[in-house]
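Listed here are the chains, written in short residue letters.
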Amino acid sequence: MKKFDFDFYKNRKILFGISIGLMVIGLIFNFIRGTKMDIQFVGGAMIKYSVDGEVDTDEIASLVKEETGRDVSVALSKTFGTDANQVTLSFAGNEAVTLDEQQAIAQSLSDAYADRTFNVVESSSVDPTMGAKFFQKCLVCLLITFVILLVYIALRFKKIGGLSAGVTALIALVHDVLLVYFAFVIFGFSINDIFIAVILTILGYSLNDTIVIYDRIRENRKLSPTKSPDALPAIVNKSLNQTMTRSILTSLTTFMALLVIYIVAAVYGISSVQSFALPMMVGTIVGCYSSLCIAAPLYTMWAVIRARRARSNLTRAAFK
């Protein structure tokens, strides 16, 4: 790829505006559609059936609601390597599905699909209190991860303003988390343990990209003939253009691998893999973008503003 010469710092307002615009779009979708929380977090019951042949999810939902009087979410996926389909019934709420209700549901499905056989694969229930505790533990896990990353970056890059480097990298990571969350909302995926797995994976991936960029900034500052903060924007732009090819190609290869996984999962109807691969593709793109266009320009802004304030204070002190 040809050598880049893009002024990231000069165009920072446009770059920040793109991120803000994406977040506004995500908020609009979130307001319209709402957040779908899985029963792992809000509690409820789940029944999985294995069935040969095609079935209609809307018809099944109508049959189950008529039989139980409860709202149900129906998901259909294919069992890998076989012709069988897997039907998942999810009931939100405090009540578990009793054995009598399970038998009534099975009978109702058998009557509606006389030429199909519904076999129970799995039946489970989650107490709402336990689900809420599990969700809280996941949030605590993310918070601890953010704190550890902040401390690590602050210590590793203390020679170029460790705290500012850590905080701006953390802002970029929060940016990634929010956009991945909005991807789950837009594509209609439930917030569950897969969401936590995607978030933690993207955090590590995006942070690695940011650290590579910060390393190059540190190296170029050592080679710079002047250590003045006024020279920092040029140093950061040079560092970003030097690492841009690496960042784009790494993200592109990861994206292509995830795309293949998603296509295979879509062909075989493996919804759990689809709900992981698609948000991961989004996270790969926004992680690359945030490292190049959010973290480093923010870090430069912080350093430039701090230097200007220091000079202003010295000037005021000189006139007193």
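Before any of the text, the structure's been laid out above.
The present account deals with the structure reproduced in this document.

Now for the sheet that holds strand S1 (residues 44-52). Strand order across the open sheet formed by four strands is S2-S3-S1-S4, with antiparallel pairing between neighbours. A strand with exactly one partner marks an edge of an open sheet, and here the two such strands are strand S2 (73-78) and strand S4 (118-126). Averaged over all adjacent pairs, the angle separating strand axes in this sheet is 15°, with direction ignored. Here S2 runs beside strand S3 (residues 84-92); their pairing, made up of six bridges, is antiparallel.

Positionally, serine 164 belongs in helix H6 (residues 162-186). In this structure serine 164 comes out as buried when scored by relative accessible area, which is 1%. Excluding residues within four positions of it along the chain, serine 164 makes contact with Tyr299, Trp302 and Arg306.

We now examine the packing of helix H7 (residues 193-223) against helix H8 (residues 232-268). Two numbers describe how H7 lies on H8: the axes approach to 9 Å, and their chain directions differ by 145°. When you trace H7 past H8, the crossing you get is right-handed. Grouping the amino acids of the contact of H7 with H8 by side-chain chemistry returns eight nonpolar, nine polar and five charged.

Interhelical geometry of helix H1 (residues 12-33) versus H6 gives an angle of 40° and a closest axis separation of 9 Å. It follows that H1 is oblique to H6 by the angle criterion. Remark: the crossing between H1 and H6 carries left-handed chirality. Here Ser19, Leu22, Met23, Gly26, Leu27, Phe29, Asn30 and Arg33 of H1 come into contact with H6, specifically with His175, Leu178, Leu179, Tyr181, Phe182, Val185 and Ile186. Residue composition of the contact of H1 with H6, grouped by class: 10 nonpolar, four polar and one charged.

Reading guide: rules and limits
Residues numbered from 1 in each chain as written. Predicted model: local features only at pLDDT ≥ 70, side-chain atom pairs only at ≥ 80, totals over all residues. Heavy atoms only, no water. Pairing = 2+ DSSP bridges. Helix = DSSP H or I, 4+ residues; strand = E, 2+ residues; numbered from the N terminus. Axes fitted to C-alpha atoms, helices over the stretch in contact; angles between N-to-C directions. Buried < 20%, exposed > 50% of the residue type's maximum accessible area, 1.4 Å probe, protein only. Contact = heavy atoms within 4.5 Å. Left-handed = near helix turned anticlockwise from the far one by under 90°. Nonpolar A, V, L, I, M, F, W, Y, C, P; charged D, E, K, R; others polar. Parallel < 35°, antiparallel > 145°, perpendicular 65-115°, else oblique.

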